[in-house]
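Residue-level structure breakdown
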Amino acid sequence: VVCGDYDVDGVTSTTLLVAVLRQFGCFPRFVVPLRLEEGYGLSLKAAQRAMEGSEAADLFVALDCGTNSGEEAQHILDTGCDLIVVDHHQAKTALPPEVILVNPHVKDAEFGDGVDFCTVGLVFKLAHGILKARRSMKDKRAFEIKLREYLDLVAMGTVADLVPLRGENRTFARIGLQVLSNTTRLGLKTLMKVAGVNASSGVQPMDISFRIGPRINASGRLADAGLAVELLLSEDRSFASETSMQLDSYNRERQDIERAMTEEAIAMVEADQLDNHALVIYGDEWHPGVVGIVASRVSRSYNRPSIVLGREGDLAKGSGRSVDGINLVKALNGFADQLESYGGHPMAVGVALHVDKVEAFK
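Here's a quick rundown of the structure.

Rules of the game
Sequence order sets the numbering: in each chain, residues are counted from 1 along the sequence as written. Where local features are concerned, this predicted model is filtered to residues with pLDDT of at least 70; where side-chain atom pairs are given and counted, the filter is 80 or more; whole-chain, interface and lining totals use all residues. By convention in this description, side-chain values take in all heavy atoms of the structure and omit both hydrogens and water. Secondary structure elements follow DSSP: runs of H or I of four or more residues count as helices, runs of E of two or more count as strands, with numbering from the N terminus. Whether two residues touch is decided by their heavy atoms; if any such pair falls within 4.5 Å, the residues are in contact. Categorising residues by exposure relies on relative accessible area from a 1.4 Å probe, with only protein chains included: less than 20% of the type maximum marks a residue as buried, more than 50% marks it as exposed, and the intermediate range marks it as partly exposed. Strands qualify as paired when DSSP identifies two bridges or more between them. Crossovers are described as right-handed under a simple rule: with the strands pointing away from the observer, the path leading from the first strand over the helix to the second runs clockwise.

1. Section: the environment of Pro-164
Looking at the element boundaries, Pro-164 is found in the loop between helix H7 (151-160) and helix H8 (168-181). Considered as a pair, Pro-164 and Asp-116 are 48 residues apart in the sequence and their alpha carbons are 6.3 Å apart. If sequence neighbours within four positions are ignored, Pro-164 has contacts with Asp-116 and Asn-169.

Right, here's the structure in full:
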């Protein structure tokens, strides 16, 4: 069973691992958490759905999530299933010792330049390890797989997740953009055409950031990002065309919601937070799937760390975006007792707290 996250990094990580495993005749069940129903990351609901109908599964692989999911990890282990977590989120707590954790941001990790990898970069390394292992066992299939052809997915996740483009990440992006310009993935070619990307003149980072990436992200924000994984794996023309148009439609809907929310958020900042060093903005009716984009826009507009929250039941849930020099995860550590949950990267976090604590948190 493979469980990925619902952003571009999570979708490309899931696609890459499933595609490589299929080359070895292994067809894992894969799911992506449903943002509105199952919450962020490796939640208990997402883990349970992933394992439905897979009672005999003996290995669960969590991608771009799971580093801080101790309770969920124990639940998976208790079913008799082994667990591998491949992730690049900051570690706050220890996982059960039986979990195999691949993460450059834990104490004993020795990743060198690879400390900047996003998850799809780590999955590429995992795939390389699988190939080396199978080649040592004289598995003919391992000699037929050309990992370079998977760098289109690595470039997409690396650019979209805004990890530093230095060291090996820079190589991933540079060669990956070349591979992306000539990709043979039918679903990806169809999506690029719908998004207005002219691959024949060479795909640029801006194409990932503003054309391809937002359409993949929109499926996870408003519906099911598993659809985007299916698209990237698909070899069916009618499915690829129909799904690409669906993602484009989700993206237009996302843009409309985001535009209205951004205007409201900026009005709130102008009203009473202009003197604040960090911004916390809450909207009772705001769509929780779009708050991250709004946080990015607000943070850029005022050059300050910004957390934007919407409502889900009794909780205010949302996302934060930082500015250079301020690690949001470390900043939130001091408020851990006020928060239901939080986590992420120095520059981007997810946050949940009770609605009645929002003003005090601000």
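2. Structural notes on the environment of Val-203
Mapped onto the elements, Val-203 comes out in the loop between helix H9 (186-194) and helix H10 (205-222). Sequence separation between Val-203 and Glu-98 is 105 residues, and the spatial gap between their C-alpha atoms is 42 Å. Beyond its immediate chain neighbours, meaning those up to four positions away, Val-203 contacts Leu-177, Leu-180, Ser-181, Met-192 and Val-197.

3. A word on unusual backbone geometry
In this structure, Lys-138 takes a positive phi of about 60° despite not being glycine. One can find Lys-138 in the loop between helix H5 (119-136) and helix H6 (140-144). One non-glycine residue, Asn-303, lies in positive phi territory at about 50°. Along the chain, Asn-303 turns up in the loop between helix H13 (291-302) and strand E7 (306-312).

4. What to know about the pairing of strand E3 (residues 59-63)
Of all five residues in E3, four are buried, a share of seventy percent or more. Bridging between strand E1 (residues 2-3) and E3 involves two bridges; their strand directions are parallel. The residue bridging Cys-3 from the neighbouring strand is Ala-62, located in E3. The pairing of E3 with strand E4 (residues 82-86) spans five bridges and is parallel. Residue pairing for E4: Val-61 is matched across the bridge by Ile-84. What joins E3 to E4 is helix H4 (residues 70-78), and the crossover it makes is right-handed.

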